[in-house]
Amino acid sequence: MSIKRNFSLGNYNSFGVKHKANFFIEIKNKGQINDIINNKKYDKVRKLILGGGSNILFTKDYNGIVFLNKIKGIRKISEDDNNVLLRVGSGENWDDFVEYCVKKNYYGLENLSLIPGSVGAAPIQNIGAYGVEVKNLIERVEGIFLNNGIKKNFNNKSCEFQYRDSIFKGKLKNKFFITSVDFVLSKIKSFNVSYKELKHLDIKSISLNSLRNEIIKIRNSKLPDPGDIGNAGSFFKNPLVDRIIIDKIKNEFNDLVYFKDGEKFKIPAAWLIEKCGWKGYKENNIGVSDKHALVIVNYNAKKGKEIKELSNKIIDDVKDKFKIKLIPEVNII
Ligand code: FAD
Ligand code: EPU
């Protein structure tokens, strides 16, 4: 196992910022994680797990060990007439795995096509898109505690999944290395076309592959490609608010977009940010996408601090105008 020193993370985060890590280690199996944990030399050293780096903002050099997760493998655990249970190495590429399922005619993940990143990061923020959240397909998450090397399995309930959140993003943040995720997928044909942009589709004539292609087409038209311009997708979560806030905003803006979500209401953060005039904003090397107001973009900044400062200005502005505090979705380090 090679341990790189003073290693540039520039190619390992989708914002493309150029901060460095003291130590950088590619992990291919669980044994290698334990080797580091059991090595006294690294006892007191901070540790960070990195998948595809597509939901992370480094704001300075990382004074510690970065584990680049490359644990691979897709294994069928069980199968019956209705379902299949797959155990997937957390370092598999997420979209490659979705494509694999589509080709095998396993239903459930197709609406999550083209989300960048790794399988192991999917439960962290309970990734979601186009009417589907990954929590509905996860049976179990397995991993290792970074402080003592002890292995633990979490069943679906104990993952404490919520909108863009889980126990792994909460009290276990940076404490637990997810090594594999078990998914239950359906072998029975069923599609979710509830999202407004999919409603025109006729479920009788679509296939897994055509739905996947439709999702890819929509995503490419709405979100900037990190291969072209640095970004981490939605920078903020969509806020959940009470009816009273909706009524107040509607008094001033009759075009308010909102959705009922349980007892609360979800307002697209993009709508709030656009109303504050940030969409397409550009300052020096950074800005806000002109395609989507929720995406902060990095044209050429080498340091993440500038991006964080811009995100704070947006938070303050939305707070002033709408009395709503936006919460970053991106993990700021
Ligand atoms: P990283 O950025 O590497 O890590 C994210 C966090 O998880 C970090 O805190 C990291 O320490 C931790 N982590 C990573 N792997 C592990 C592990 N194995 N064990 C423990 N902790 C770990 N997200 C959505 O939900 N829906 C979308 O539609 C969506 N669209 C996007 C579009 C674009 C263009 C981009 C750039 C991002 C988008 N995202 C979306 C966000 C991102 O793709 C997801 O959050 C994805 O799951 C991140 O995976 P990653 O491997 O890149 O995670
Ligand atoms: N909108 C604007 N201005 C914009 C863009 C959107 O006002 O520039 C408004 C429109 O009214 C639009 C609404 O926001 O109808 C919702 O936009 P969109 O359908 O693009 O979804 P979103 O709420 O902005 C969420 C997720 C995305 C996910 C899409 C599709 C969050 C924080 N973001 O975005 O996830 O891909 O839905 O399901 O929940 C991510 O998490 O990184 C991410 C990209």
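The structure this text deals with has already been given above.
Residues numbered from 1 in each chain as written. Chains lettered and ligands numbered in written order. Predicted model: local features only at pLDDT ≥ 70, side-chain atom pairs only at ≥ 80, totals over all residues. Heavy atoms only, no water.

Enquirer: Just checking my understanding: could you explain the packing of helix α2 (residues 94-103) against helix α3 (residues 208-222) for this structure?
Expert: Each pair of packed helices can be described by the angle between their axes along with the distance between the axes. Axis separation between α2 and α3 bottoms out at 9 Å; the angle between their running directions is 150°. In terms of their interaxial angle, α2 and α3 are classed as roughly antiparallel. Only Leu208, Asn209 and Arg212 of α3 make contact with α2, whose side of the interface consists of Asp95, Val98, Glu99, Cys101 and Val102. Residue classes in the contact of α2 with α3 are distributed as 4 nonpolar, 1 polar and 3 charged. (Axes fitted to C-alpha atoms, helices over the stretch in contact; angles between N-to-C directions. Helix = DSSP H or I, 4+ residues; strand = E, 2+ residues; numbered from the N terminus. Parallel < 35°, antiparallel > 145°, perpendicular 65-115°, else oblique. Contact = heavy atoms within 4.5 Å. Nonpolar A, V, L, I, M, F, W, Y, C, P; charged D, E, K, R; others polar.)

Enquirer: What am I meant to see in the site of ligand 1 here?
Expert: Around ligand 1, the structure places 32 residues, and the nearest of them are Ile49, Gly51, Ser54, Ser118 and Arg219. Between ligand 1 and asparagine 55, the relevant distance is 2.8 Å, taken from an oxygen atom to a main-chain nitrogen or oxygen of the residue. Between ligand 1 and isoleucine 178 there is a distance of 2.9 Å, counted from a nitrogen atom to a backbone nitrogen or oxygen. If you list the elements that add at least two residues to the shell around ligand 1, you get β3 (47-50), β8 (128-129) and β12 (176-186). (Near = heavy atom within 4 Å. Polar contact = N/O pair within 3.5 Å; in protein donor to acceptor, adjacent residues only side chain to side chain.)

Enquirer: Help me out: how do you make sense of the sheet that holds β12 in this one?
Expert: The strands that make up a sheet are held in pairs by hydrogen bonds between backbone atoms, and each pair lies either parallel or antiparallel. Read from one edge of the open sheet, 5 strands run β6-β7-β12-β10-β11, paired in antiparallel fashion. Here the strands that pair on one side only, and so sit at the sheet edges, are β6 (74-79) and β11 (151-155). In this sheet, adjacent strand axes meet at a mean angle of 20° when their direction is disregarded. Across the sheet, helix α1 (residues 30-37) lies against β10 (138-145) and β12, angled at about 35° from β10, the strand it touches most. (Pairing = 2+ DSSP bridges.)

Enquirer: Before we go on, may I ask you to explain the site of ligand 2 in this structure?
Expert: Around ligand 2, the structure places 23 residues, and the nearest of them are Tyr130, Tyr163, Tyr195, Glu274 and Glu329. In the environment of ligand 2, an oxygen atom lies 2.9 Å from a nitrogen or oxygen atom belonging to the side chain of lysine 222. The protein chains hide 85% of the 820 Å² of surface that ligand 2 would expose on its own. Those elements giving two or more residues to the shell around ligand 2 turn out to be α3 and α5 (269-275). Among the elements that make up the shell around ligand 2, the one with the highest residue count is α5 (3 residues). (Areas by Shrake-Rupley, 256 points an atom, 1.4 Å probe, with all protein chains shown as cover.)

Enquirer: I tried to follow the packing of aromatic side chains on my own but got confused; where do I start?
Expert: For any pair of aromatic rings, geometry is given as the distance between the ring centres together with the angle between the planes. Inspection of every chain in the model, using the stated rule, returns 21 aromatic pairs. With a centroid separation of 5.1 Å and an interplanar angle of 65°, the aromatic rings of phenylalanine 235 and phenylalanine 236 are classed as edge-to-face. Judged by centre distance (5.8 Å) and plane angle (50°), the ring pair of tryptophan 271 and phenylalanine 322 falls under tilted. Remark: phenylalanine 322 occurs in helix α6 (residues 305-322) and tryptophan 271 occurs in helix α5; sequence separation between them is 51 residues. On the basis of relative accessibility, which here comes to 6%, the residue phenylalanine 322 falls in the buried class. Pairwise contacts between aromatic rings join Phe145, Phe154, Phe168 and Phe176 into one cluster. (Phe/Tyr/Trp six-rings, centres within 6.5 Å; stacked < 30°, edge-to-face > 60°. Buried < 20%, exposed > 50% of the residue type's maximum accessible area, 1.4 Å probe, protein only.)

Keep in mind that these numbers describe shape and distance, not what the molecule does.
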